[in-house]
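Residues per chain, in single letters:
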Amino acid sequence: MTDGTTVTEPAREGGPVRVPEAELAVRTRGLTKRFKHQIAVNGIDLQVPVGSVFGFLGPNGSGKTTTIRMLLGLIQPTAGSHELLGRPVPEHALPLVGSLVEGPAFHPYLSGRANLARLDAADRYSDPATMRTRVDAALDRVGLLPAAGKRYRAYSLGMRQRLAIAAPLLMPRRLLILDEPTNGLDPQGTREVRHLIASLSDTGATVLVSSHLLSEVEQICTHVGVMNAGTLVTQGTVAEVRVGGTQRARVQTPDPAGAARVLTELGLTEVQQQDAAALGTVGDVAVEKVVPALVHAAIPVLGFTIERPSLEDLFVALTGEGFDVNG
Ligand SMILES: Nc1ncnc2c1ncn2[C@@H]1O[C@H](COP(=O)(O)OP(=O)(O)OP(=O)(O)O)[C@@H](O)[C@H]1O
Ligand SMILES: [Mg+2]
């Protein structure tokens, strides 16, 4: 699709333009939004790599939608700045950005197809001659083609949500920003939206998808950013974020008490004994010292493993027990 350094943008007035390709599809610097009584978003430096599926996670009220609304220019930040697709003036990137925030206003008495046709006609970059093709392709993409002629008011919640996702797909997009796209969907619908997001990513688009439910998006994300109370508490690849978590050493042994004593002496914390094992948080202790110390103390070692927390454990640790990870 690209030669690695430059990309050709869709034709606008003045024809296609060649611009340097950015490495970050979204970059914010100290982005802040203060409402009267509170800071909803507190100086976040978000970095969404091009080509990623970025899970923007956090409990209810943590500032995800507020951040997304600032990214899309729907509200003004109190402080800070952001770039979209490398454009310092993010508005210049908006034609290449598709979004789903708070659902578009659909007309209840028009069919799904007619609703999309209206949205398409309202887009000044769209060519009326090819409208029908675009609309049907978008409907097909979200599996709504069979119900294309049905009135919006007769759509189920899941069908409405799919139509909302179809809207930003009318035009080719380099970046899709989807705020809670699985809201209100049943498990089947959620799974379908997950597949849809993965397939959008396969076409080369960067996808920023927010959710307050880790389980809904973790399977498809390459990267995650976690919000808590207006602050971005961690971001990175899924693997990086997991490495940031605390490592626990597990020693399988017929002498858990002896092993626990050695772990404590070595400086491991939160040391626990189980039936045939002892566990401890590694912290700054050099992992390779653990087994020799056990052997030196004549503790029989049947097994030694380093356990990393699951993403779920990590999110609970980062955001408090209030983070409803299971839905
Ligand atoms: N227009 C507004 N006026 C005042 N406070 C607001 C406004 N919009 C959002 N807030 C507050 O900012 C905080 C962050 O809200 P936001 O909607 O960004 O959270 P969220 O992470 O999207 O939550 P959810 O998962 O429930 O969608 C909340 O405490 C909310 O009450
Ligand atoms: Mg929200």
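Residues numbered from 1 in each chain as written. Chains lettered and ligands numbered in written order. Predicted model: local features only at pLDDT ≥ 70, side-chain atom pairs only at ≥ 80, totals over all residues. Heavy atoms only, no water.

Caption draft 1: Region of the structure containing the packing of aromatic side chains. Under the counting rule described, the total for this entry stands at two aromatic pairs. Summarising the aromatic geometry, the rings of F106 and Y152 are spaced 5.1 Å apart at their centres and angled 45° between planes, so their arrangement reads as tilted. Of the two residues, F106 is situated in the loop between β8 (97–100) and α2 (112–122) and Y152 in the loop between α3 (131–141) and α4 (157–166); the sequence distance between them amounts to 46 residues. Given a relative accessible area of 12%, F106 falls into the buried group. Pairing Y152 with Y155 gives two aromatic rings, centres 6.0 Å apart and planes at 55°, and the pair type is tilted. Take Y152 and Y155: they sit in the same class, and that class is buried. In this structure an aromatic cluster arises from ring pairing among F106, Y152 and Y155. Above the plane of the ring of Y152 lies R160, whose end atom (NZ or CZ) is 4.9 Å from the centre. (Phe/Tyr/Trp six-rings, centres within 6.5 Å; stacked < 30°, edge-to-face > 60°. Helix = DSSP H or I, 4+ residues; strand = E, 2+ residues; numbered from the N terminus. Buried < 20%, exposed > 50% of the residue type's maximum accessible area, 1.4 Å probe, protein only. Lys NZ or Arg CZ within 6 Å of the ring centre and 35° of its normal.)

Caption draft 2: Geometry of the side chain of S62. Examined against the element boundaries, S62 turns out to sit in the loop between β6 (53–57) and α1 (64–71). Judged by its relative accessible area of 1%, S62 falls in the buried class. A polar contact of 2.7 Å, which involves the side chain of S62, links it to the backbone oxygen of P59. When residues no more than four places from it in sequence are discounted, the contact partners of S62 are A40, M227, N228, A229 and G230. (Polar contact = N/O pair within 3.5 Å; in protein donor to acceptor, adjacent residues only side chain to side chain. Contact = heavy atoms within 4.5 Å.)

Caption draft 3: Main features of the site of ligand 1. Neighbouring ligand 1 are 13 residues, the closest being N60, G61, K64, T65 and T66. Between an oxygen atom of ligand 1 and a side-chain N or O atom of Q38, the distance comes to 3.2 Å. Residue K64 places a side-chain N or O atom 2.8 Å away from an oxygen atom belonging to ligand 1. In isolation ligand 1 has 640 Å² of accessible area, and contact with the protein removes 61% of it. A per-element tally of the shell around ligand 1 places α1 first, with three residues. In the shell around ligand 1, the residues fall into three nonpolar, eight polar and two charged. (Near = heavy atom within 4 Å. Areas by Shrake-Rupley, 256 points an atom, 1.4 Å probe, with all protein chains shown as cover. Nonpolar A, V, L, I, M, F, W, Y, C, P; charged D, E, K, R; others polar.)

Caption draft 4: Molecular detail of the environment of L200. In this structure, L200 sits in helix α5 (residues 187–202). C-alpha of L200 to C-alpha of L169: the two residues are 31 residues apart in sequence and 9.2 Å apart in space. When sequence neighbours within four positions are dropped, the list of residues in contact with L200 reads R141, L169, L176, A205 and V207.

Caption draft 5: Structural context of the nonpolar core. Core analysis: the largest hydrophobic core is formed by 44 residues, its most contacted members being L116, L144, L163 and I197. With five residues, the single largest contributor to this core is α4. With residues near it in sequence (within four places) discarded, L163 still touches F106, G112, N115, L116, L139, L144, Y152 and Y155. Grouped together as the second largest cluster of nonpolar side chains are 26 residues, V41, M70, L85 and L175 included. (Core = buried A, V, L, I, M, F, W, Y, C linked by side-chain atoms within 4.5 Å.)

Caption draft 6: Quick peek at the pattern of salt bridges. Summed over all chains, the structure comprises eight salt bridges. Residues R132 and D136 are paired through a salt bridge, measuring 3.3 Å at the closest nitrogen-oxygen approach. Taken together, the residues R132 and D136, both in helix α3 and four residues apart, mark about one turn of the helix. A salt bridge links E265 to R261, with the shortest nitrogen-to-oxygen separation between them at 4.0 Å. Of this pair, E265 and R261 both sit in helix α8 (residues 256–266), four residues apart, roughly one helical turn. (Salt bridge = Lys/Arg side-chain N within 4 Å of Asp/Glu carboxyl O.)

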